[in-house]
Amino acid sequence: MIILGIDPGLATMGYGVIEAVHGNFRVVDYGVVTTPKECTLPARLTQIESGVAELIDTFKPENIAIEELFFSKNITTGIPVAEARGVILLTAVKRLEDEVYEYTPNQIKQAITGYGAADKMQMQHMVQALLKLKSVPRPDDAADALAVALCHAQTSRLQAQFKIR
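Residues numbered from 1 in each chain as written. Predicted model: local features only at pLDDT ≥ 70, side-chain atom pairs only at ≥ 80, totals over all residues. Heavy atoms only, no water.

Chemist: Break down the environment of methionine 1 for me, with residues and values.
Modeler: Summarising the element assignment, methionine 1 is placed in the segment before β1 (2-7). Separated by 17 residues in sequence, methionine 1 and isoleucine 18 have C-alpha atoms that sit 8.2 Å apart. Leaving out residues up to four positions away in the same chain, methionine 1 has contacts with Ile18, Glu19, Ala20, Val21, Glu62, Asn63, His152 and Ser156. (Helix = DSSP H or I, 4+ residues; strand = E, 2+ residues; numbered from the N terminus. Contact = heavy atoms within 4.5 Å.)

The structure is reproduced here in structure tokens:
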């Protein structure tokens, strides 16, 4: 199964594409979609939509897994990210209909490390180990997106609980 994992962001949206077969995982691709801060919000959202559509057209994922947002400090800076996430969700659902899933940061950490409060370094090293990579994926947004895809791969037998309805 080809899974596209997405770490939402307005300036930088991370993506990770993996193939999961019988509990074995292989990286297909990972990276980021970026938008210039000097562009207007509508222009940046359009770039994100195009980037997600291109990823779906290129890799033809069977499932898309997206991290839910968690704001602990400044909700004002989170609003544009939430708008970007809305565009990502809309694009994904329009293209894949019923095969879009959401996971909280704690669910992702639990699935990858076995500990829902794992730190970023623990997560990155587990992503590296699970995908048998020579080094930690960079940038961080791409590593986070690979973690989202791995989370979905490891919990797919329970996927009805995470499906967007």
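Chemist: Pulling in residues and values, what's your account of the sheet that holds strand β3 (residues 24-34)?
Modeler: Ordered in space as β3-β2-β1-β4-β5, the five strands form an open sheet in which the pairing is mixed. Each edge of the open sheet carries a strand with a single partner, namely β3 and β5 (100-103). Each strand of the sheet is rotated relative to its neighbour by a mean of 20°, with strand direction disregarded. Across 10 bridges, strand β2 (residues 12-21) lies against β3 in antiparallel orientation. If you follow glycine 14 over to β3, its bridge partner there is valine 32. (Pairing = 2+ DSSP bridges. Axes fitted to C-alpha atoms, helices over the stretch in contact; angles between N-to-C directions.)

Chemist: Explain the environment of histidine 22 to me, and be specific about the residues and the numbers.
Modeler: Considering the arrangement of structural elements, one finds histidine 22 in the loop between β2 and β3. Judged by relative accessible area, which is 79%, histidine 22 ranks as exposed. In sequence terms histidine 22 and glutamate 102 are 80 residues apart; their C-alpha atoms lie 22 Å from each other. (Buried < 20%, exposed > 50% of the residue type's maximum accessible area, 1.4 Å probe, protein only.)

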